[in-house]
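An overview of the molecular structure
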Protein chains: 2
Amino acid sequence: MPGQRKKSADGRSLETLARDRLVIEGIDPAIDGGRFAAKAVEHVPFAIEADIFGDGHEVVAAEIVPDGGSAVRMEKLVNDRWRAEIVFDAIGPARFSIVAWRDVWGTWARDTARKAEAGQDVSVELEEARLLLTGLRAPRADKPAVKALADAAASGDIETLLSEETAALMSRIGPRGNRTTSQSLPVWVDRERAAYSAWYELFPRSLGEEGRHGTFRDVIGHLDYVRDLGFDVLYFPPIHPIGTTNRKGRNNALRAEPDDVGSPYAIGSPEGGMDAVHPELGTMQDFDDLVTAAGGKGLEIALDIALNASPDHPWLKEHPEWFERRPDGSIKFAENPPKKYEDIVNFRYYTETGPNVPFWEAIRDLFLFWIDHGVTIFRVDNPHTKPFPFWEWIIGEVRRTCPEAIFLSEAFTRPKVMKRLAKIGFNQSYTYYTWRNTKAELAEYLTELTTEECRHYMRPNFFTNTPDINPYFNHTSGRPGFRTRAILAGSLSGNWGLYSGFEFCEADWLPPKDEYLHSEKYELKQRDFDAPGNIKDDVRLINRLRAENPAMRDFTNLKFFPAHDDRVLYYGRFDERSRNYLLFHVLIDPHSGGEFAFELPLWEFDLPDDASIEAEDAAHGNRFSWHGKEHTLALDPETRPYAVWKLFPPGGAQ
Amino acid sequence: MPGQRKKSADGRSLETLARDRLVIEGIDPAIDGGRFAAKAVEHVPFAIEADIFGDGHEVVAAEIVPDGGSAVRMEKLVNDRWRAEIVFDAIGPARFSIVAWRDVWGTWARDTARKAEAGQDVSVELEEARLLLTGLRAPRADKPAVKALADAAASGDIETLLSEETAALMSRIGPRGNRTTSQSLPVWVDRERAAYSAWYELFPRSLGEEGRHGTFRDVIGHLDYVRDLGFDVLYFPPIHPIGTTNRKGRNNALRAEPDDVGSPYAIGSPEGGMDAVHPELGTMQDFDDLVTAAGGKGLEIALDIALNASPDHPWLKEHPEWFERRPDGSIKFAENPPKKYEDIVNFRYYTETGPNVPFWEAIRDLFLFWIDHGVTIFRVDNPHTKPFPFWEWIIGEVRRTCPEAIFLSEAFTRPKVMKRLAKIGFNQSYTYYTWRNTKAELAEYLTELTTEECRHYMRPNFFTNTPDINPYFNHTSGRPGFRTRAILAGSLSGNWGLYSGFEFCEADWLPPKDEYLHSEKYELKQRDFDAPGNIKDDVRLINRLRAENPAMRDFTNLKFFPAHDDRVLYYGRFDERSRNYLLFHVLIDPHSGGEFAFELPLWEFDLPDDASIEAEDAAHGNRFSWHGKEHTLALDPETRPYAVWKLFPPGGAQ
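Residues numbered from 1 in each chain as written. Chains lettered and ligands numbered in written order. Predicted model: local features only at pLDDT ≥ 70, side-chain atom pairs only at ≥ 80, totals over all residues. Heavy atoms only, no water.

**Points about the interface of chain B and chain A**
Interfaces are frequently sized by the accessible area removed from exposure as the parts join. Convention followed: Whether two residues are in contact is decided by their heavy atoms, any of which lying within 4.5 Å being enough. Only one rule defines a salt bridge in this text: a Lys or Arg side-chain nitrogen within 4 Å of an Asp or Glu carboxyl oxygen. Residues are grouped as follows: nonpolar covers Ala, Val, Leu, Ile, Met, Phe, Trp, Tyr, Cys and Pro; charged covers Asp, Glu, Lys and Arg; every other residue, Gly included, is treated as polar.
Of the residues lining the interface, 78 residues belong to chain B; the matching set on chain A comes to 78 residues. The tally of links from chain B across to chain A stands at 14 salt bridges. For B:Glu335, the salt bridge goes to A:Lys115, with nearest N and O atoms at 3.0 Å. Residue classes in the side of chain B that touches chain A are distributed as 26 nonpolar, 14 polar and 38 charged.

Structure follows, in structure tokens:
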């Protein structure tokens, strides 16, 4: 016979184990068991599910308890799955837990009803009810009602005890047996722009005229253009002084000509580093004026934080210990052997003994410096080549001061690395969108992004192109492919963007990779912003549809529907709350069109196959009725490479 | 500008975050994030996988570190997934963690090789190597080799530095940068019988002759019968004194006749309770003798722990506080309203203030009592109607004294409840097998059991029938259906069992439920164990195949193959380690046979479609060659309702 030890094999005592009589498991979202926060948006309902059950047959109830907020009762779905939505009203860190209990009154009522129906004597059950009610500690306002119920129990008024009103009251104030609380789980609550934004990228230096280097003042003059296209974030590659040592020339030439402007990613010169602006762009005051002017037009400025120093960056002299060195004392250049990047030197994130704390603090302070200048959106260059803990700490620190801050991760790398960066805090992520071109590729990738666990922490930002990515698809797609790729990006993701030139169908490439010929990274590129053949109308359309339709704000509401042609991607963005329903038909092949069959998703509205539904051509405005499930549509690369429809199913207007 | 705070938003300090530079996530198995132990078997390789990666492009390495054991290097699969197998050599609790690091030498060697191949000057790299090697703290035995390598670096002998031998040495003793350790995860290591067992269930009281009540001595006389059929666990329903108050009669009649023996699940009489034996079965000494005799024949006795007390159980007087009572002072009978079970009273697991500790301890001591009598296998009756923490604590406590103990959960309830019981410690679980009859149902259910996360903690025990379950399928299947259901149970699960009578195709049922007419729960049932029409040969065959073939010991090695007929389930049990491969064709329809086509899975052995493979009819022993992929086979309910084949692919004998 054993002694009186009361601890389980893993050290949990009887008392600790016994406290959680009910099971709360499979909580979703719970990123890596709560190690990371799921992402929410302020004022937007946030769904939480869990498996909840007890032993035996007693009635169970449960609620979500947000830290510092009001509890929300959960609803039982099937197979012991429960669900509720909560709303966070302030940006910043939040937490929730789930509380479940044995509903003593609910169990009594259910069992007593069954016994009464079977004609059994329930006098002992009535006495149980009376005892329960007289012993109940009810809120003052409910005391008279409870007293009345106790009287009903005493007088055998079973009808009152089993009424819906009594059930509602007792569900609220009745005894909660074996209250069990789940672990507390973290949520990060963002402002809406973290989840819903349209980015336009340009190089300020290209906005001069007739060869003159552009300035922040030129950008101010260009704000109306960007706003007219419907964008709300205006993003610049680095705006800092550019190094001259080993400066790259046009088309990434190893040696620059005297008049070459250099890559803005080789940051730092005697004129300053990452906390300075390139003198040819203007002064810091000019920059501040630009931020203010943009804000006045509903545009936010996003900066590029690229932790690349040119060999001329002031920190090399001020903080030599922040850089990697070779045994011969030379500075260590960036490299991906056998390739070397001799215009960029490596920072030292870790020393032999641990993190290089002063450097980490300096980069945190760099973000805060730009926040002081009115910028709260940061596109972070190549975050995957810097340590994950570095970003997790920086983002946490910056958010403590500025919870509005939004970080976009530019990690074109392996899937799990990309996702990890999102987990540790990046609010938005570049994706593989530019390399997903066929119908099957797009459907598979979007299904992953919108239905797998990553949807809780990784918000895609679909850029059609970047200064580094001139998509293979567009090399040969012609204008129709530019139009459809913009529509796809803007309609498949909550965040999307394009880099200047895409609206003019620029596609000259530098084989063999998907790079631009005459890349703007190495030279000024002055454009005619009214050039014919542009796709500005398409860009305006998708940004208008995004702004006008609530369904465009939650990227996870995507549904694919059957269109019987591999050239046509057919999908819906459906928002049940606002009854806002959009359908998209996009011609994936930019070279051949035709008439194809598709199914109107009547089943989504519980309508029979022969029902009718009101619809509107969202591009052209005409309204009509679609009868039945089977339809055909003609798409053509030149005249109509896509169609967008707004549905008005019966049962209430949007 | 902020102060010098160094904590992240969720309280992790810079130093804490920085410690884990590498990412180790997605560890499998990690049941509920490590809350529960995954199950292993002693001496059987236990596979662990994880996603492991760092920032940047450095070479990463990782190993599994079992607590108190030797580290095992992990192998990189695709997509940043890593894998290794470890072996636990002792039953009981175990833990492991994963350690990953930046392989400094590996990175140097890879990058230097690339530079050398590109014809770049590597003199600084050689100096880096020399410094690294002279600074290395190597084990004494390796010092000369390291010295030689340092000399090679000094003399520019790059070939030696980049050799495979050097790589192997440095992989073992080279510097491990940014060592990152995962959380420690629990494993429960069982003896083999927890995962691989064949159960035979009988009521000892039925083994008398000519109406006489059977005894433990009669069971001793019956051991050879059970052993001859190939079983290794002999399991009895409760063997304790049976109550007389409200005793149930034959066929669950509410009132018993004077000569009715009562249900053994109504435990307890003035003659004793759960720690006593029914006097009509014999004495405790008789029981001990039976346990010893069974052990001598390779059979273990399993007892049924049913926490049901009859109103006559001694504990009602000794420990009235262990029972639920009604307001009128009466004892609370078990019920599922409007049904009442008046021969059974409810234990009180929780009081108003918390767990009923003395009762929990009494039940723990009950298990330990029977362990003292040589029983270490327990079938637990209806565990889902008792609190989960109760079982978790009891199992933990019992295992601390007796890690050999095996608990089989009889929870025919909802899927998540069933799985939770397995998570909290039950070694084996009854399943839905008896209700899965079609090919699609079996394939879907087995795919869940063998491939989803539950495979790490829930070990199925496929019973063909139980005293409570007379399967619907067998009501009309006739003998062919009994044969196939035994073969399926024994070949699809690591653990299987049958309840006495199945081998004689007993199927008389008590409509409307799947219950036996003249249930042995309420009366003696004396059988002719040589009755004609039995299926003992089939039972012997499957138990022999299980004993002879290593592939039958790990239920997760199941593979389904294409047989183009819904009446035929076609699957393999393939063990790569022992090169032991079995194929099963089972006729699911007991009423119609025929010739059907199937594919020999040559692809599993990387063989072309026109290859040949040696095979043996595992039932009849003849050996032959199968040529090519496409084959046909005739199955017939009466003459051949199933076929079993052993494959001998080229490349080494089993």
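Resuming the write-up.
**Side note on the environment of A:Gly572**
All names here are of chain A. What counts, and what does not: Put simply, DSSP H or I for four residues or longer makes a helix, DSSP E for two residues or longer makes a strand, and each gets a number counted from the N terminus. Three labels apply to residues, based on accessible area from a 1.4 Å probe with only protein chains included: buried if under 20% of the type maximum, exposed if over 50%, partly exposed otherwise in between.
Mapped onto the fold, Gly-572 is located in strand β22 (residues 568–575). Gly-572 gets classed as buried once you look at its relative accessible area, which sits at 0%. Separated by 72 residues in sequence, Gly-572 and Val-644 place their C-alpha atoms 9.4 Å apart. Residues in contact with Gly-572, not counting those within four places in the same chain, are Asn-557, Leu-558, Lys-559, Phe-561, Leu-582 and Leu-583.

**Some points on the sheet that holds strand β17 (residues 406–410) of chain B**
Residues and elements named next belong to chain B. Selection rule: Pairing between strands is defined by DSSP: at least two bridges between them are needed. Note on geometry: axes are C-alpha line fits, over the in-contact stretch for helices, and angles between N-to-C directions span 0 to 180 degrees.
Within the closed barrel, the eight strands sit side by side as β11-β12-β13-β16-β17-β18-β19-β20. Their pairing is parallel. Each adjacent strand pair in this sheet contributes to an overall mean axis angle of 25°, direction not counted. Bridge count for strand β18 (residues 428–430) against strand β19 (residues 460–463) is two bridges, and the pairing is parallel. Along β19, the bridge assignment pairs Tyr-430 with Asn-461. Each of β13 (300–305), β16 (377–381) and β17 is contacted by helix α10 (residues 357–372), which is oriented at about 145° to β16, the strand it contacts most.

**Focus on the side chain of A:His631**
Residue and element names in this part refer to chain A. Rules: Counting of polar contacts relies on pairs of N or O atoms within 3.5 Å, with two restrictions inside protein: one atom must be capable of donating a hydrogen and the other of accepting it, and residues adjacent in sequence are counted only when both atoms are side-chain atoms.
Its location among the elements puts His-631 in strand β27 (residues 630–635). At a separation of 3.4 Å, a polar atom in the side chain of His-631 contacts the main-chain carbonyl oxygen of His-627. A polar contact is formed between the side chain of His-631 and the backbone oxygen of Gly-628, at a distance of 2.7 Å. Dropping the residues within four chain positions of it, His-631 is found in contact with Phe-596, Ala-597, Phe-598, Leu-600 and Trp-626.

**Structural notes on the packing of aromatic side chains**
We describe a pair of aromatic rings using the distance from one ring centre to the other and the angle between the two ring planes. Note the cut-off: Stacked, tilted and edge-to-face are the three classes applied to pairs of Phe, Tyr and Trp rings, where Trp contributes its six-membered ring and a pair requires centres within 6.5 Å; stacked means planes under 30 degrees apart, edge-to-face means over 60, and tilted covers the rest. In this scheme, Lys NZ or Arg CZ marks a charge over a ring once it lies within 6 Å of the ring centre and within 35 degrees of the ring normal.
Applying the stated criterion across every chain, the model contains 106 aromatic pairs over all chains. Seen in terms of ring centroids, A:Tyr200 and A:Phe231 are 5.4 Å apart; in terms of plane orientation they differ by 50°. Their pairing is tilted. Here A:Tyr200, found in strand β11 (residues 197–201), pairs with A:Phe231, found in the loop between α7 (216–228) and β12 (233–236); they are 31 residues apart in sequence, far enough to count as distant. Grouping residues by exposure puts A:Tyr200 and A:Phe231 together as buried. Seen in terms of ring centroids, B:Trp315 and B:Trp322 are 5.1 Å apart; in terms of plane orientation they differ by 80°. Their pairing is edge-to-face. Given a relative accessible area of 10%, B:Trp315 falls into the buried group. Since its relative accessible area comes to 4%, B:Trp322 is described here as buried. Above the ring of A:Trp101, the side-chain terminus of A:Arg176 is found at 3.7 Å from the ring centroid. Above the face of the A:Trp188 ring, A:Arg399 is positioned so that its terminal group lies 4.1 Å from the ring centre.

**Let's talk about the pairing of β19(B)**
Residue and element names in this part refer to chain B. Stated formally: A clockwise path from the first strand over the helix to the second, with the strands pointing away from the viewer, defines a right-handed crossover.
Judged by which residues are buried, β19 turns out to be covered on both faces: Pro-460 and Phe-462 on one side and Asn-461 and Phe-463 on the other are all buried. In this fold, the crossover linking β18 to β19 by way of helix α13 (residues 439–451) has right-handed handedness. Pairing of β19 with strand β20 (residues 495–499), which is carried by three bridges, proceeds in the parallel orientation. Bridge pairing links Phe-463 to Gly-497 in β20. In this fold, the crossover linking β19 to β20 by way of helix α14 (residues 472–492) has right-handed handedness.

**Details of empty space enclosed by the protein**
Quick reminder of the rule: Grid spacing is 1 Å over the protein atoms alone, the probe is 1.4 Å, and a cavity is where that probe fits but cannot get out, while a pocket is an open set with protein on both sides within 12 Å along at least five of seven lines and lining residues have an atom within 4 Å of a point. Grid points are joined across faces, edges and corners, and a volume is the space filled by probe spheres set on the points.
One pass over the full model with this rule turns up nine cavities of 30 Å³ or more. Roughly 80 Å³ of internal volume is contained in the largest cavity. The wall of the largest cavity is formed by A:Phe203, A:Pro204, A:Arg205, A:His213, A:Pro237, A:Pro238, A:Ile239, A:His240, A:Ile242, A:Pro264, A:His278 and A:Leu281. Here the lining of the largest cavity is built from residues that sort into eight nonpolar, three polar and one charged. Roughly 70 Å³ of internal volume is contained in the second largest cavity. Lining the second largest cavity are B:Phe203, B:Pro204, B:Arg205, B:Pro237, B:Pro238, B:Ile239, B:His240, B:Ile242, B:Pro264, B:His278 and B:Leu281. Looking at side-chain class alone, the lining of the second largest cavity contains eight nonpolar, two polar and one charged residues.

**With respect to the relation of the copies chain B and chain A**
The criterion, for reference: The atoms used to superpose the copies are C-alpha atoms, taken from residues with pLDDT of at least 70 in both, and the fit is least squares.
Note on the identical chains: chain B maps onto chain A by a rotation of 180° and an axial translation of 0.0 Å, with an RMSD of 0.0 Å. Such a combination of rotation and displacement between the chain copies is what one expects of a two-fold axis. Taking C-alpha positions as the reference, the residue of chain B nearest the rotation axis is B:Gly33, at 2.9 Å. Taken as a fraction of all interface residues of chain B, those also at the interface in chain A reach 100%, which identifies the copy contact as same-surface.

**So, the confidence of the model for chain A**
All names here are of chain A. This is how the line gets drawn: Each residue carries a pLDDT score, the predictor's own confidence in it, on a scale running from 0 to 100.
Per-residue pLDDT for chain A averages 95, and the proportion of residues at 70 or more is 98%. Taken as a whole, residues 1–9 scores under 50 in pLDDT and shows 33 contacts with residues more than four places along the chain or in a different chain. Reported for the predicted complex are a pTM of 0.95 and an ipTM of 0.95.

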